[in-house]
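Here is what each chain is made of, one letter per residue.
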Amino acid sequence: MKSFHNIEKYVFIPTLILTVLVAVVLIFFKEQAQYISDILFAICTQKFGWLYYLACISCFIFLVWLTISPVGKIKLGDPKDEPQYRTFSWIAMLFTAGVGTSIVIMGFLEPIYYVSEPPFHMEPYSVEAYEYAHMYGQFHWGPSAWAFYVPAIVAVGYSIFVQKKEKLSLSSACEDAFAKKKRVHFFGIVVDVLVVLGILGSIATSLGIGTPVLSIIVRDVFSIPQKYELIVNFIILGIWVCIFGGAAYLGLDRGIKKLSDFNLVLAIVFLVFVFVCADSVNIMEMEINSVGLYFSEFVRLNTWMDPFGDGAFVENWTVFYWGWWLAFMPMMGMFIARISKGRTIRSVVWGQLLFGSLGCALNFMVFGGYALQVQQSGLVDVAGILSEQGQAEAVIAILSTLPMKKISMLFMCVLCFIYLATTIDSCAFVLASSTTKKIKYNEEPAGWNRLLWALLFCVLSIGLLLIKEFRVVQLMSIVVGFPLIAVVGILIVACIKMLQRHK
């Protein structure tokens, strides 16, 4: 295969082997995988949870520096370059790539988790718990989270559009951080391997959350017996392979951009539908209250580690989310940089931060608000169902309260299918680029390489489906995100050096 000569074998082969090994362990050694996951989860969250917080704070400080510094005016490209994509498509691609189907599922369920086990040692199901439950998801998916992408976006965008480097990778963007060039190659390989593992872990988390829920919803809609659950799961994965495999093979402009545009339209339609069906006035009251809570508690939210409590909320949620966003950081940093040619650093950084946060806030405002209304009114004990039966049954219980419940469930399934397809397409595109030796900004990696990574995502998800443990799903992001904390530091140093030398 001629295109294989352009493959970065030092990165491609080790990560390919590691991915297959992880999948084999998940599929054939489920009990051992569960035991190991519990140990690793405890180590990462209890011993090193503070590092995830420091990484988040560092990225936010770096964001502030870019905002007030003249370097924010630097254009990613030549001075006369215009934006490569119109604003709607740019927003659609960055948002749908960064959130996936999890924003819909967790948009409904996350506030229910929080109201039953609230932060800050509040009384469960109290008025205060309901208020914080509606706001807390918007914190975990808000500006603090999207700030994780800033160092990678700036470093990669500057390296390919200003320095004109012929490699779309974090290792190439990190080169300026190393004073001795002989270290560049070794650390570059380490960084790229961590990048690939991070992307695999992040997308495996999304698949681990989305596939079981969609499977049970499909069985409920079509009255398929539980004994066919595994078959339905494989059918869903098969459909996903066809959708995102085809889009990934078609490439950025012909596949991913069009799918993202369609995805955003579907998401807006579903949001409007649920908002109209809910107590809309109460939803607006909740959101205004949540905005006030968020800004008044901003510093506390970003620094609360519960040092004198058991730390369970921090470990299970904030550390998990910061690990997940860190795992997504390489993919999102490279992908957003790749689609941002012709925009200034300040417009890209704040554009992705504001539009990404706003999109997530709207989901939690509407879906989370409606779920809390259902719970508080006593219409359905969503918290009880979530605790005893699981996420899928809880989502079905919420959707069953909507008009035309079967149609609502099917529409949500279609939306989630497309959401995850766009995320996986973007991941496959970036992974293929990272494992390619030389690739210009206007070129695309080999089609077989993009398709291969998309298929490997499915293999990993099969292992997660067999284990059926949300803790293992959470672990994937927390563990692979841990070494990427160091990569964030390297990227910030590289960015500062590059931008200060800019003429």
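Structure shown above.
First, a word on what this report is: a plain description of the structure on this page. (Residues numbered from 1 in each chain as written. Predicted model: local features only at pLDDT ≥ 70, side-chain atom pairs only at ≥ 80, totals over all residues. Heavy atoms only, no water.)

It is worth spelling out the environment of cysteine 427 at this point. Structurally, cysteine 427 is set in helix 18 (residues 405-434). The residues touching cysteine 427, leaving out its near neighbours within four places in the chain, are Ile199, Ile203, Phe328, Met331 and Phe457. (Helix = DSSP H or I, 4+ residues; strand = E, 2+ residues; numbered from the N terminus. Contact = heavy atoms within 4.5 Å.)

A few words on helix 4 (residues 102-116). With 15 residues, helix 4 extends 20 Å from end C-alpha to end C-alpha; this agrees with the ideal 21 Å at 1.5 Å per step. The largest bend in helix 4 comes to about 35°, at phenylalanine 108, with the proline proline 111 one to four residues further on. Across the 15 residues of helix 4, 13 count as buried, placing the element largely inside the fold. (Expected span 1.5 Å × (residues − 1). Bend = angle between axes of the 7 residues up to and from the residue. Buried < 20%, exposed > 50% of the residue type's maximum accessible area, 1.4 Å probe, protein only.)

All right, on to the pattern of salt bridges then. Evaluated as defined, the whole model comprises 4 salt bridges. A salt bridge links lysine 164 to aspartate 78; the shortest N-O distance between them is 3.2 Å. Of the two residues, lysine 164 is situated in the loop between helix 7 (150-161) and helix 8 (170-173) and aspartate 78 in the loop between helix 2 (30-68) and helix 3 (87-99); the sequence distance between them amounts to 86 residues. By relative accessible area, lysine 164 is classed as partly exposed at 42%. (Salt bridge = Lys/Arg side-chain N within 4 Å of Asp/Glu carboxyl O.)

Here we come to helix 5 (residues 127-140). Counted at 1.5 Å a residue, the expected span for helix 5 with its 14 residues is 20 Å, and the 21 Å between its end C-alpha atoms agrees. Along its length, helix 5 reaches its greatest deviation from straightness, about 25°, at histidine 134. In terms of burial, helix 5 is largely enclosed, as 11 of its 14 residues are buried. Considered for burial, the residues of helix 5 that qualify are Ala129, Tyr130, Tyr132, Ala133, His134, Met135, Tyr136, Gly137, Gln138, Phe139 and His140. The inward-facing, buried residues of helix 5 contact helix 4, helix 6 (143-146), helix 12 (280-296), helix 13 (298-303), helix 14 (312-338) and helix 15 (345-377).

The next thing to look at is a nonpolar patch on the surface. A cluster of nonpolar residues, Tyr35, Ile36, Ile39, Leu40, Ile43, Phe48, Trp50 and Leu54, forms a patch on the protein surface that exposes about 740 Å² of accessible area. Along the polypeptide, isoleucine 43 turns up in helix 2. For isoleucine 43, a relative accessible area of 39% corresponds to the partly exposed category. (Patch = residues over 30% accessible without salt bridge, like charges linked within 9 Å, V, L, I, M, F, W, Y side chains within 5 Å. Areas by Shrake-Rupley, 256 points an atom, 1.4 Å probe, with all protein chains shown as cover.)

Per the stated rule, a full pass over the model turns up 33 aromatic pairs. Judged by centre distance (5.4 Å) and plane angle (50°), the ring pair of phenylalanine 270 and phenylalanine 367 falls under tilted. Note that phenylalanine 270 is positioned in helix 11 (residues 252-277) and phenylalanine 367 in helix 15, a separation of 97 residues in sequence. We classify phenylalanine 367 as buried; its relative accessible area is 1%. (Phe/Tyr/Trp six-rings, centres within 6.5 Å; stacked < 30°, edge-to-face > 60°.)

This part covers the side chain of glutamine 373. You can see glutamine 373 is positioned in helix 15. Here the side chain of glutamine 373 touches aspartate 279 through a polar contact of 3.1 Å, landing on its backbone oxygen. With near-sequence residues (within four places) excluded, glutamine 373 lies in contact with Ala278, Asp279, Asn282, Ile283 and Met286. (Polar contact = N/O pair within 3.5 Å; in protein donor to acceptor, adjacent residues only side chain to side chain.)

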